[in-house]
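Residue-level structural notes
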Amino acid sequence: MTGKSSSHGGVILRSASITLVGLIYQMAISFASGVIVARVLGPSLYGIFSVARTLCESAAAFTKLGLDIGFVRYFGEHSRKEYANSNAHLLSFALKAVLLIASIPVLALLLGGGKLIEQHIYKYEDFSIILLAMSLTIPLMSLMQVLGGAFRGYLQITPRVIAEYFLQ
């Protein structure tokens, strides 16, 4: 092996180990919080909570419109000072668009979509209320993910980090 190949291997191993530690930490926190919430709510209510959370996380994945990754690349290429004003306007416009799109699931539930789900798909009393309450997090989750992408792009994070983001 050449010296250059072994140095690349070291970088890859360090990146992989950092990612592994992050994943283990994330899984441990998720497990601990899940156990605590399940213990407090009980099995049936925790099941409802889990279904509602999964639906909301899925909606947030679509309502961010892929802009989180788009901004990583865009700001990585256009973060010089001469672009600062147009970048701020672009980000502001994108956040407004994401907020508008992310409000659609909340409005759909307010207009009776939750009751339809409760009556025909997930037949559990008050599921529509729980789903509506949790859906209020969709705009926040979407905005935070897009802002996170803009932040990572502005800091000119390397493509390796984007690959790690997808793996996580």
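Residues numbered from 1 in each chain as written. Predicted model: local features only at pLDDT ≥ 70, side-chain atom pairs only at ≥ 80, totals over all residues. Heavy atoms only, no water.

1. A few points about the packing of helix α2 (residues 43–63) against helix α5 (residues 127–135)
- Where α2 contacts α5, the two axes come as close as 9 Å, and the packing angle between them is 45°. Taken together, α2 and α5 sit at an angle that is classed as oblique. With respect to the hand of their crossing, α2 and α5 are arranged in right-handed fashion. Residue-level contacts link Ile 48, Phe 49, Val 51, Ala 52, Arg 53, Leu 55 and Cys 56 of α2 to Phe 127, Ile 130, Leu 131, Met 134 and Ser 135 of α5.
- Here the contact of α2 with α5 is built from residues that sort into ten nonpolar, one polar and one charged. (Axes fitted to C-alpha atoms, helices over the stretch in contact; angles between N-to-C directions. Helix = DSSP H or I, 4+ residues; strand = E, 2+ residues; numbered from the N terminus. Parallel < 35°, antiparallel > 145°, perpendicular 65-115°, else oblique. Left-handed = near helix turned anticlockwise from the far one by under 90°. Contact = heavy atoms within 4.5 Å. Nonpolar A, V, L, I, M, F, W, Y, C, P; charged D, E, K, R; others polar.)

2. What about the environment of Leu 131?
- Its place among the elements puts Leu 131 in helix α5.
- With near-sequence residues (within four places) excluded, Leu 131 lies in contact with Ala 52, Leu 55, Cys 56, Leu 109 and Ile 117.

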